[in-house]
Amino acid sequence: MKAIRRFTVRPVLPEPLQPLSGLARNLRWSWHTETQELFRSVDPEGWQAVAGDPVRLLGNVSAARMADLAKDRRFLRRLAAAADDLDDYLHGRRWYQSGDGGPDTTEFPAAVAYFSPEFGVTAALPQYSGGLGILAGDHLKAASDLGVPLIGVGLLYRHGYFRQSLSRDGWQQEHYPVLDPNELPLDLLREADGTPAGVSLALPGGRLLHAHIWVAQVGRVPLLMLDSDVEGNGPGARDVTDRLYGGGSEHRLLQEMLLGIGGVRAVRAYCGITGHAAPEVFHTNEGHAGFLGLERIRELGESPDKGGSGLGFDAALEAVRAGTVFTTHTPVPAGIDRFDRDLVARHFADDAELSGVPVDRVLQLGTESYPGGEPGLFNMAVMGLRLAQLANGVSRLHGAVSREMFSGLWPGFDAVEVPITSITNGVHAPTWVAPEVFRLGARQIGPGRAEDALSVGGSSRWDAVANIPDAEIWELRRSLREQLVLEVRERLRASWRQRGAGAAELGWIDGVLDPDVLTIGFARRVPSYKRLTLMLRDRRRLTELLLHPTQPIQIVVAGKAHPADDGGKRLVRELVRFADDPKVRHRLVFLPDYGMAMAKKLYPGCDVWLNNPLRPLEACGTSGMKAALNGSLNLSVLDGWWDEWYEPDFGWAIPTADGAATDEDRRDELEAAALYSLIEDRVAPRFYDRGAGGLPDRWIEMVRRTLTTLGPKVLAGRMVREYVERLYTPAAKAHRALDASAAGELADFKARVRAGWPQVAVDHVEAVDQDAGAGAAATAGLGSTLTLRVQARLGDLRPDDVEVQAVAGRVDADDAIRDAQTFPLKPSSGPDLEGRWVYEGPMALDRTGPFGYTVRVLPAHRLIPAGADMGLVALPSEAAGQEAGMLMR
């Protein structure tokens, strides 16, 4: 018989056990081993049954057991110590408050709002699909460890992403369990009178979209999650937050409007209710939350009596840009959300949302107004970049790829000058480092220093690892590998049962994997560019590696394809069918339902972490970082973070064939062959090569180098410190500088410059070698100085409105300037009768070889952060530069 209504009965804890509730409802337990062990001791079997979720555990423990614990003095002492430790963690001074190793804390923002469509904080709160969400969760946890006053903002998906299983023939199947917020580590945000706090959005036709605000406490950081499954919404509106990345175009648009616009309103409600400092900086993690900028423009446009500044659209836009950071995670245009312009226009019309914001200005922000763009589409990343003064990619290579990909927004500038920097992702080590690894480090430097090394970071090396004996490192690695073997067998058995196999068919699983065999891991989402099946390119050769008589390998694979990606599902099935072959199934396994719980066993247990994407399509790829923190070595294409930090001392680089002349099929063939050769000739021999003491000395040294050199680099603590120092603090300073008056001044300046820019031109350029006399020579000596003289036409603009620069450096065969330097030129006379100004200045020749220069005119204002900010530049025509000359020596 089926219940007609479902609700949750929360446990009533005895008074001595009340602190358990606070410990369970703060997600710090998800990365704090001592707190996890405390909950495990409440009911060891129950802890296993609820997959380590303390909220569910407390709901299942019997009243008799609770009564016993309430009298257990040893348990109560442990409970008091854990509660005191959490209180100290939540209220003590941390890096952000002390300023250790960073700039003056008075410059730091009072608070930062961090928006993301998904957050992977813990498996107990399944609100993530892959790397973007795990990165966002690690960002929150690292911010908490550092004391950064961050407010996370996302959506609460009632079905999460999806759970994955396999059919008998290996086809991916999706399941969408219903999540009850009352059974999750969440609290409903309530007004002072106890009523649920909420936000509302206006929809076309006079309808409203309502949402409640749930709060997950991630250590010191509140994560606000908007939920549309509330009374007062019609069926369509209730389903807006049903699934992560589900539904059609309008469904996705409504999700992103709720995330961005509703998210800002949720932040305002939370700060008003709790007294939390209002954010000075808004960080948009990928384009999904880009509409937050429009809501902030609307806020500033309101009259002062309603709490706004009464700013017009252009001034409000400048004020919003100053305090906004935008992070892009995609290296390909296909990864960006784009909507039909008419759909967006309908949702921002006068009778819908943001009625005070002109719909034509909204559409301009997302228009692909550059060569090759599609003007009929609204691009969320383009809007995100136009609404943010500071932007970044997530690795050094990805920053370069992003500057090239979005260069059309800054016409006339070389890609290197596009104002998109990079901060390489990191991972939250306390979450991903196995307890056994942590304990080994703690024995060397003490638990407190070990905890700081993992969470706060700051040291460029972890030299204490050098003092750990080889035998201890190797024993640890074998122990972790053995744990993985047991985990794989348990999961594989459960998977085969789901596929319809009976117990009598599964005896072979007891022989799957060997704790003494070189173990390679590969786990990630399954878009085609990650090449799940590259390892299958030559199945005969792979089989020989798996079954090698003296140096065998074994491979553990996991991954989910998007429910709508049949191509990805075919790749999964291809891999599964190979893994089902009785000849190799003890050496290669595919585990369905890849998620955080599986990953925390998989990363530590693998000796080698494999990554073979199509370069340069991996923005960062943090799974290899998590493996490295546990002493696993990376075997990867030089893409994402590995391109930046690879050294042969601690891993291997798979050669790539990414030339334009190589077709995709041929490229896969070449790179697969290179992968097989690396494993056969270098990886496996090093693992099995034993020294005089019976240990693989050279392998252990690579593990040691991985930990000492890579360990400090891959930390989320390092990443968040970089965000604070390089992006959040400059954004906060710009936000403070751009009050209503300054915002109006800057908006007026930009309007005047844009109107007058068609008249700006470089009419004439000439150079004088000060050592050789008048006239530009074809050659000049190193150390000599040229005087440049430029005639520039400014039209209605003034010299104070512009900067005239010489740009010089070595040139390639196409006369493109490389490693450019800029030299400012100053006005020396003008205007003449034709409105031309003469600019002059010296240019030192400080390098030999082919050398070239040009000149350009840029807008200039004290509140513009970079020369490319407005995307305007005037360059010489070919005729204007005829006397400029090329200098060679």
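The rules behind each value
- Residues numbered from 1 in each chain as written.
- Predicted model: local features only at pLDDT ≥ 70, side-chain atom pairs only at ≥ 80, totals over all residues.
- Heavy atoms only, no water.
- Helix = DSSP H or I, 4+ residues; strand = E, 2+ residues; numbered from the N terminus.
- Rg over C-alpha atoms; globule rule 2.2 N^0.38 Å.
- Buried < 20%, exposed > 50% of the residue type's maximum accessible area, 1.4 Å probe, protein only.
- Contact = heavy atoms within 4.5 Å.
- Areas by Shrake-Rupley, 256 points an atom, 1.4 Å probe, with all protein chains shown as cover.
- Lys, Arg positive; Asp, Glu negative; His and termini not counted.
- Charge placed at Lys NZ, Arg CZ, Asp CG, Glu CD.
- Pairing = 2+ DSSP bridges.
- Axes fitted to C-alpha atoms, helices over the stretch in contact; angles between N-to-C directions.
- Salt bridge = Lys/Arg side-chain N within 4 Å of Asp/Glu carboxyl O.
- Patch = residues over 30% accessible without salt bridge, like charges linked within 9 Å, V, L, I, M, F, W, Y side chains within 5 Å.
- pLDDT = per-residue confidence, 0-100.
- Phe/Tyr/Trp six-rings, centres within 6.5 Å; stacked < 30°, edge-to-face > 60°.

### Quick look at the overall build of the protein chain
When helices and strands are counted, the protein chain shows 29 helices and 26 strands. For 889 residues, the compact-globule formula gives about 29 Å, and the C-alpha radius of gyration of the protein chain, at 30 Å, lands near that figure. Taken along its principal axes, the extent of the C-alpha atoms in the protein chain is 95 × 70 × 50 Å. Counting only residues that meet the buried cut, the protein chain has 56% of its 889 residues in that class. Looking at the protein chain alone, contacts between residues at least 24 apart form 73% of all its contacts between residues at least 6 apart. Summed over its atoms, the accessible surface of the protein chain is roughly 35,600 Å², and 50% of this surface lies on carbon and sulfur atoms. Computed over 99 positive and 117 negative side-chain charges, the separation of the two mean positions in the protein chain equals 5 Å.

### A look at the sheet that holds strand β18 (residues 608–611)
In space, the 6 strands of this open sheet follow the order β17-β16-β15-β18-β19-β20, with parallel pairing throughout. Edge positions in the sheet fall to β17 (588–591) and β20 (651–654), since each of these pairs with one other strand and no more. Between one strand axis and the next, the sheet turns through 20 degrees on average, direction left out of account. Docked against the sheet, helix α20 (residues 470–498) engages β15 (518–523), β16 (553–558) and β17, running at close to 60 degrees with respect to β17. Packed onto the sheet, helix α21 (residues 539–546) meets β16 and β17 and runs at close to 115 degrees relative to β16.

### With respect to the sheet that holds strand β24 (residues 817–829)
Overall, antiparallel pairing links the 6 strands, which are arranged β21-β22-β25-β24-β23-β26 in an open sheet. What marks the edges here is a single partner per strand, and that holds for β21 (761–769) and β26 (851–859). Taking each pair of neighbouring strands and ignoring which way they run, the sheet shows an average axis angle of 30 degrees. In terms of strand pairing, β21 meets strand β22 (residues 785–793) through 8 bridges, oriented antiparallel.

### Quick notes on the environment of Leu440
Structurally, Leu440 can be placed in helix α18 (residues 435–445). Among the residues examined, Leu440 registers a relative accessible area of 8% and is labelled buried. Between the C-alpha atoms of Leu440 and Gln551, which are 111 residues apart in sequence, the distance is 28 Å. Excluding anything up to four places from it in sequence, Leu440 contacts Ile468, Glu472 and Leu476.

### Structural notes on the pattern of salt bridges
Going through the model one piece at a time under the given rule, you end up with 65 salt bridges. Note that Lys569 is salt-bridged to Glu174, the shortest N-O span being 3.0 Å. A residue pair is termed long-range when its members are at least 10 positions apart, and Lys569 in helix α22 (residues 566–579) and Glu174 in strand β4 (residues 172–175) qualify at 395 residues. On the accessibility criterion, Glu174 (24% relative accessible area) is partly exposed. Bridged by salt links that share partners, the residues Arg265, Glu295, Arg298, Glu302 and Glu353 form one connected network.

### Side note on a positive patch on the surface
There is a patch of like positive charges on the surface, built from Arg73, Arg74, Arg77 and Arg78. You can see Arg74 is positioned in helix α6 (residues 73–91). Overall, the relative accessible area of 62% leaves Arg74 in the exposed class.

### Quick notes on the environment of Leu480
Mapped onto the fold, Leu480 is located in helix α20. Taking relative accessible area as the criterion, Leu480 reaches 3% and is therefore assigned buried. C-alpha of Leu480 to C-alpha of Tyr603: the two residues are 123 residues apart in sequence and 9.4 Å apart in space.

### Focus on the confidence of the model for the protein chain
A low pLDDT means the predicted coordinates there should not be read in detail. Per-chain confidence: the protein chain averages 92 in pLDDT, with 96% of residues scoring 70 or above. Here residues 882–889 is a poorly scored stretch, pLDDT under 50, and it has 33 contacts once near neighbours within four places are set aside; other chains count.

### Quick word on the packing of aromatic side chains
For any pair of aromatic rings, geometry is given as the distance between the ring centres together with the angle between the planes. A full pass over the atoms with the stated rule returns 22 aromatic pairs. Relative to Tyr603, the ring of Trp432 has its centre 5.7 Å away and its plane inclined at 75 degrees; by these criteria the two rings are edge-to-face. Placement of the pair is Trp432 in helix α17 (residues 429–432) and Tyr603 in helix α23 (residues 596–605), with a sequence separation of 171 residues. For Tyr603, a relative accessible area of 2% gives the class buried.

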